[in-house]
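A structural walkthrough
What follows is each chain in one-letter form.
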Protein chains: 2
Amino acid sequence: MSQEIPYKIYLDEKDIPASWYNMRADMKNKPAPLLNPGTGRPMTAQELSGVFCEELVKQELNETDAYIEIPGDIRDFYKMYRPSPLVRAYCLEKKLDTPAKIYYKFEGNNTSGSHKLNSAIAQAYYAKQQGLKGVTTETGAGQWGTALSMACAYFDLDCKVFMVKVSYEQKPFRREVMRTYGASVTPSPSETTEVGRKILAAHPGTTGSLGCAISEAVEVATHNEGYRYVLGSVLNQVLLHQSVIGLEAKAAFDKIGVKPDMIIGCAGGGSNLGGLIAPFMGEKLRGEADYRIIAVEPASCPSFTRGTYAYDFCDTGMICPLAKMYTLGSDFIPAPNHAGGLRFHGMSSTLSQLYHDGYMEATTARQTDVFEAAEYFARVEGILPAPESSHAIRVAIDEAKKCKETGEEKTILFGLTGTGYFDLVAYEKYNNGEMDDYIPTDEELAASIAKLPKIN
Amino acid sequence: MSQEIPYKIYLDEKDIPASWYNMRADMKNKPAPLLNPGTGRPMTAQELSGVFCEELVKQELNETDAYIEIPGDIRDFYKMYRPSPLVRAYCLEKKLDTPAKIYYKFEGNNTSGSHKLNSAIAQAYYAKQQGLKGVTTETGAGQWGTALSMACAYFDLDCKVFMVKVSYEQKPFRREVMRTYGASVTPSPSETTEVGRKILAAHPGTTGSLGCAISEAVEVATHNEGYRYVLGSVLNQVLLHQSVIGLEAKAAFDKIGVKPDMIIGCAGGGSNLGGLIAPFMGEKLRGEADYRIIAVEPASCPSFTRGTYAYDFCDTGMICPLAKMYTLGSDFIPAPNHAGGLRFHGMSSTLSQLYHDGYMEATTARQTDVFEAAEYFARVEGILPAPESSHAIRVAIDEAKKCKETGEEKTILFGLTGTGYFDLVAYEKYNNGEMDDYIPTDEELAASIAKLPKIN
């Protein structure tokens, strides 16, 4: 093989984007505002700044500025692992014998193992700028907690992570990475918070949930001088920071003179998908170009494809603001599948609005099909993908196979959000033929959606 | 910070070396030949080709060609993860407040997590070219086994890995990566080989050793039609393939007009060190330039610094050819430290000769000092290093601190051979303050060296 386009298209470091792109500025229908669950009225900046850093609150509420400058300190940190490569999947194309041109933007080349670091470093930076002592957060699968630990180590900030107890016990290596970066990691629910003690009293022996861990992290942030709470997905600010993925991908495509026909991303809370598609969606919103944009969610947690577009709580503790989004209900407990990063009952408000307005499609993938694609990809392209990312791989492979049938030379871009080094329990299950597929019944979904807050 | 030299110096893909560099061609004193343990005479190509692939035997014995062309298929594979970045450690320099300029060549950006893939893909290629069905090997820490599994998956070759039983049980994730790449992984000693059954009968309940795993892998290769044995370190052919590391590093330095003063690499069997220093050592051998070259070994397994330069067996089973090298005796059992890749009793014959002739220095590092450096580096530079690589980090940091004292602006290059994602048991011990330092006594070393074969 000796193609003109290299295997890996790298931008120069000086071409790391100088600004993040804010999709909301180009949306005719803005995403619905966060509501105060007590009053039912939009959350004010003042209300939000008790929980979040001030600058991040501004970003959360900013619907007008299309570009927001990336501070120099954050760009310097980005230089340690960015620009990330846009990879032409020559080997995959050859193996599939497809006329499609397949590209992926690889975000796994950093120790946190995923794209989460792009927003973690930004949130840590603004916390430091505000003179805070530290931040609190929750983590499930552990990608976000790891990324935040790294970011806090860099800015010498204290980092308190509440890790869902079952993950804390089953993923001791994830925990140790965070400890190596100096974070304190507490299994949740814990005796260290009021809400934790309450839950433990009511449910002795519980192995925890993301919703409970969020509640503990928020309590610690709001009860301790000099602390704020940070979150790795769902929020507008997170999508803003993650736009660096799409901006780099687009610049790399421009460099080689290629325009993708379709863009495929996995979707949990929306941090990766929203970042990957941002500048492409911008062109689409402004009527400058068209792209087919596909969100892929696990069949076990199908908020876009089987959820309802309504106001709901982001946490099961129901202490966070209400967000209007595609949701399965904050009471919905997804099956214990192995894509922990996609097991969220709702979806980013911005992406929900875009989906509602017809700017993107959504589809689901079953767990065993996802791992089949993951293993296939690993063997051919040499990267062991995270289960989350493998949802996008599955659909990219299926689309490339369709091109083989039709003879169309479509250009496919998908987001390879991270690596699977900490997901080998899942790979083991797959290798042993012990993996199952769980899909919620209509009755189950109806039951949790019936419990949506009355505000709607 | 806005320096002229970027954080990461990348070569273009077209600048991946077209040839490997063979240090032996420029050595006045060639490394001593491998000897047949039965006859005491140099191994012939014919004798070696019963165990190794034919083309690899040629490379093993080639002392005259300075450059050996890299086949196109191997270069294509290299393009999936190479050129690897030469990184300017700006953040580390700033944290150390040193006038030294620190660079590292990072080989961990591939799923095998280390530089081992550079030779694995070459060895798999030549096996495929020879029309073989598959290859056998042993693995201890698992980096080599993982790399070989990936290479065999790419060329559709069968891959049989004998994994030291204690690692097989303690590192289930390493095992699963190999299985995901389609390799069969057998805990050693096993009931599947004659030598394995013999050892199990003599030592019921043994948890195995690298020496035993080598013996089993060689037995399977020599008793099965269409199979050969491959090895990830020590051999001349491996150093040849690994020269791609040093060649890229040198080309990147040339690109920015910088010349390193000292080059630091960790040393186990010599695969990384020999590859990293190759072109620099070439200039030194030809009298064109001078560099300070430092090998760093674990204090628990100090073959350069406390071993003897003599003929010895490479395996504890004593079935492999004899190699002249710095050795602690094939009977020496290193303490159970956490740098599994450096726990070999001997050292590459080529590097041994160069050390013997005064072309390089060697030093040791204690385990707790190594992990202190590893954690420091992880927090500052954002990469979780492998314990093996962290030996080089330790000495690089110490040298940079000396520069702070003297005010010298030395340029330091060290090899960051891999990532520590599969070494978190070790990090956990360090985080818990439970890590110990074991250094063999003079009596212990004298006892194992006394058992060297009589050929010397």
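Residues numbered from 1 in each chain as written. Chains lettered and ligands numbered in written order. Predicted model: local features only at pLDDT ≥ 70, side-chain atom pairs only at ≥ 80, totals over all residues. Heavy atoms only, no water.

This paragraph deals with the overall build of chain A. The helix and strand inventory of chain A stands at 18 helices and 15 strands. Its C-alpha radius of gyration of 21 Å places chain A within 12% of the 23 Å reference for a compact globule of 456 residues. By its C-alpha atoms, chain A is 60 × 50 × 45 Å across when sized along the principal axes. Considering chain A as a whole, with its 456 residues, one finds that 64% of them fall into the buried category. The long-range fraction of contacts in chain A, counting pairs at least 24 apart against all pairs at least 6 apart in sequence, stands at 77%. When the accessible surface of chain A is totalled, it reaches about 15,800 Å², and 48% of it is carbon and sulfur. Where the 46 positive side-chain charges of chain A centre and where its 57 negative ones centre are 1 Å apart. (Helix = DSSP H or I, 4+ residues; strand = E, 2+ residues; numbered from the N terminus. Rg over C-alpha atoms; globule rule 2.2 N^0.38 Å. Buried < 20%, exposed > 50% of the residue type's maximum accessible area, 1.4 Å probe, protein only. Contact = heavy atoms within 4.5 Å. Areas by Shrake-Rupley, 256 points an atom, 1.4 Å probe, with all protein chains shown as cover. Lys, Arg positive; Asp, Glu negative; His and termini not counted. Charge placed at Lys NZ, Arg CZ, Asp CG, Glu CD.)

With that settled, the discussion passes to the interface of chain B and chain A. Taken together, the contact pairs 43 residues of chain B with 43 residues of chain A. Together, the buried faces of chain B and chain A total about 4,200 Å²; carbon and sulfur atoms form 55% of this surface. Taken together, the links from chain B to chain A amount to four salt bridges. Its salt-bridge partner being R175(A), residue E428(B) comes within 3.1 Å of it at the nearest N-O pair. Of all the elements in the fold, those that place two or more residues in the side of chain B that touches chain A are α6 (143-155), α8 (172-180), α15 (367-381) and α17 (424-431) of chain B. Looking at the side of chain B that touches chain A element by element, the count peaks at six residues for α8(B). Split into classes, the residues belonging to the side of chain B that touches chain A amount to 23 nonpolar, eight polar and twelve charged. (Buried area = accessible area lost by both parts, 1.4 Å probe. Salt bridge = Lys/Arg side-chain N within 4 Å of Asp/Glu carboxyl O. Nonpolar A, V, L, I, M, F, W, Y, C, P; charged D, E, K, R; others polar.)

All names here are of chain A. In total, this model carries 62 salt bridges over all chains according to the counting rule given. Across the pair K171 and D423 runs a salt bridge whose closest N-O atoms are separated by 3.5 Å. In this pair, K171 sits in the loop between α7 (165-170) and α8 (172-180) while D423 sits in the loop between β15 (411-416) and α17 (424-431), placing the two residues 252 residues apart along the sequence. The partner of E408 in a salt bridge is K410, with the nearest N and O atoms 3.7 Å apart. According to the relative accessible area criterion, K410 is partly exposed, its value standing at 26%. Ionic contacts of the salt-bridge type, sharing partners, join the residues R82, K105, E107 and E248 into one network.

A separate point is the environment of G72(B). Inspection of the secondary structure puts G72(B) in helix α3 (residues 72-78). Placed 24 residues apart in sequence, G72(B) and L48(B) show a C-alpha to C-alpha distance of 26 Å.

Turning our attention to the packing of helix α5 (residues 117-129) of chain A against helix α6 (residues 143-155) of chain A. All names here are of chain A. Relative to each other, α5 and α6 sit at 40°, their axes nearing to 8 Å. Looking at the two axes, α5 sits oblique to α6. Crossing handedness for the pair α5 and α6: right-handed. Side by side, α5 and α6 meet where L117, S119, A120, I121, Q123, A124, Y125 and K128 of the first sit next to W144, A147, L148, M150, A151, C152, Y154 and F155 of the second. Of the residues belonging to the contact of α5 with α6, the class tally is 13 nonpolar, two polar and one charged. (Axes fitted to C-alpha atoms, helices over the stretch in contact; angles between N-to-C directions. Parallel < 35°, antiparallel > 145°, perpendicular 65-115°, else oblique. Left-handed = near helix turned anticlockwise from the far one by under 90°.)

For the pair chain B and chain A, the superposition axis carries a translation of 0.0 Å, the fit reaches an RMSD of 0.0 Å, and the rotation angle comes to 180°. Both chain copies can therefore be described as sitting about a two-fold axis. Of all interface residues in chain B, 100% are interface residues in chain A too; the two copies therefore contact each other through one and the same surface. (Least-squares fit on C-alpha atoms with pLDDT ≥ 70 in both.)

Further remarks concern the sheet that holds strand β8 (residues 184-188) of chain B. Residue and element names in this part refer to chain B. In spatial order, the strands read β8-β7-β6-β9; together these four strands make up an open sheet with parallel pairing. Only two strands of the sheet have a single neighbouring strand rather than two, namely β8 and β9 (227-229). The sheet shows a mean angle of 25° between the axes of neighbouring strands, taken without regard to direction. Direction of pairing for strand β7 (residues 158-164) relative to β8: parallel, over a ladder of five bridges. (Pairing = 2+ DSSP bridges.)

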